Amino acid sequence: MKLSYSAQREAKTIILSLKGDLIGDEAGPKLVEIISDAIQEKVENCIIDLKEVRYISSSGIGVLITMLTKMRNVGGEVYLASPSEHVKKLLVITKLNNIFTVFDSLESARSTIK
């Protein structure tokens with residue numbers, strides 16, 4: 001299923017809502033570009049809502065890590081929210097759950113990151 005996404009800004013946070021399969025195809029560079037643009041606009045945090053992501057490939061993981069690296073290089077942070085059980089397992093297997101802060105819901109991420 002092709003990845004679609006939407007972005008919305010709330011103060012110094014950008015929220016990216018993803019839907020479909022994160023496989024690092026043409027959507028990958030666009031997501032990284034959104035982060036680069038957000039950094040230029042002084043955004044400090046990014047919450048990636050994974051509620052509707054079914055699958056993440058190794059290239060998709062690369063996209064997430066690139067986004068995280070870009071944000072951390074300027075003192076920012078990337079948070080993951082609402083991963084499905086399948087995506088949660090992937091985060092544990094790849095140990096990305098130790099690199100990213102993962103929230104069970106977008107609401108809990110929003111309320112924690114102010």
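Residues numbered from 1 in each chain as written. Predicted model: local features only at pLDDT ≥ 70, side-chain atom pairs only at ≥ 80, totals over all residues. Heavy atoms only, no water.

With respect to the pattern of salt bridges
Opposite charge on two side chains permits them to pair, given that their charged atoms come into close proximity. Short version of the rule: Salt bridge, as used here: a side-chain nitrogen of Lys or Arg that lies within 4 Å of a carboxyl oxygen of Asp or Glu. Numbering of helices and strands starts at the N terminus; helices are DSSP runs of H or I of at least 4 residues and strands are runs of E of at least 2. When accessible area is computed with a 1.4 Å probe and restricted to protein chains, residues below 20% of their type maximum are described as buried, those above 50% as exposed, and intermediate ones as partly exposed.
Scanning all chains against the criterion turns up eight salt bridges. As a salt-bridge pair, lysine 2 and glutamate 26 come within 2.1 Å of each other at their nearest N and O atoms. Of this pair, lysine 2 sits in the segment before β1 (4-10) while glutamate 26 sits in the loop between β2 (13-22) and α1 (27-40); the two residues are 24 residues apart in sequence, bridging distant segments of the chain. Owing to a relative accessible area of 60%, lysine 2 belongs among the exposed residues under this scheme. Note that arginine 110 and glutamate 10 form a salt bridge whose closest N and O atoms lie 2.9 Å from each other. One end of the pair, arginine 110, is in helix α4 (residues 106-112); the other, glutamate 10, is in strand β1, with 100 residues separating them in the sequence. By relative accessible area, arginine 110 is classed as partly exposed at 26%. One salt-bridge network, held together by shared partners, links Glu85, Lys88 and Asp104.

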